[in-house]
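Here's the letter readout for the chains.
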Amino acid sequence: ISVMGERFNVHTQLEHLQAKYVGTGHADTNKWEWLTNQHRDTCASVQGHPDLLNMIAIAENESRARVRFNLMEKMLQPCGPPPEKTEV
C-alpha cells in the first residue's frame, strides 16, 4: 500500500471512531466540549464502580440510589450551557 493510501486509511478509521464514540476529540474540540466529556465520563465511571459509589454515599450521608440520581443529573450539563459561538 502506498504512503498516501495508508494515510487515507488511518484518517478514515479515525473519523469512524470519532463518529462512533463521543468524546474522542478532534481538531475542532473546544475547551467546553472537552471538559463536558471529562465530567460525564467521570460520573459514568463512579456509577459503574460500586465501591466508588458506596464511598461517595457514605461521605455525603445519602443512599446509593440518591447519589446515582445526583450523578445522572450532573451528566445533563456538567459545565453549564455551551458558550456562544463567535462568527469568524
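Nothing here was measured: the structure is a model prediction, and the numbers come from that model.

On to the overall build of the protein, then. When its secondary structure is counted, the protein shows four helices and zero strands. Secondary structure elements in the protein, listed N-terminal to C-terminal, are α-α-α-α. Buried residues in the protein amount to 10% of all 88 residues. By element, 58% of the accessible surface of the protein is carried by carbon and sulfur atoms, the whole surface being about 7500 Å².

By volume, the largest pocket is sized at about 160 Å³. Residue lining of the largest pocket: D28, N30, W32, E33, P82, P83, E84, K85 and T86, and that is the complete set. Here the residues of the lining of the largest pocket sort into three nonpolar, two polar and four charged.

What follows deals with the packing of helix α2 (residues 31–48) against helix α4 (residues 64–74). In contact at an axis separation of 9 Å, α2 and α4 are set at 160° when each is read in the N-to-C sense. With respect to α4, the element α2 is oriented roughly antiparallel. For the pair α2 and α4, the crossing hand works out as left-handed. Packed against α2, whose contacting residues are C43, V46 and Q47, the element α4 presents R68, L71, M72 and K74 at the interface. Of the residues assigned to the contact of α2 with α4, the class counts are four nonpolar, one polar and two charged.

The rules behind each value
- Residues numbered from 1 in each chain as written.
- Predicted model: local features only at pLDDT ≥ 70, side-chain atom pairs only at ≥ 80, totals over all residues.
- Heavy atoms only, no water.
- Helix = DSSP H or I, 4+ residues; strand = E, 2+ residues; numbered from the N terminus.
- Buried < 20%, exposed > 50% of the residue type's maximum accessible area, 1.4 Å probe, protein only.
- Areas by Shrake-Rupley, 256 points an atom, 1.4 Å probe, with all protein chains shown as cover.
- 1 Å grid on protein atoms, 1.4 Å probe; cavity = no way out; pocket = protein on both sides within 12 Å on 5 of 7 lines; lining within 4 Å.
- Points joined across faces, edges and corners; volume = space filled by probe spheres on them.
- Nonpolar A, V, L, I, M, F, W, Y, C, P; charged D, E, K, R; others polar.
- Axes fitted to C-alpha atoms, helices over the stretch in contact; angles between N-to-C directions.
- Parallel < 35°, antiparallel > 145°, perpendicular 65-115°, else oblique.
- Left-handed = near helix turned anticlockwise from the far one by under 90°.
- Contact = heavy atoms within 4.5 Å.

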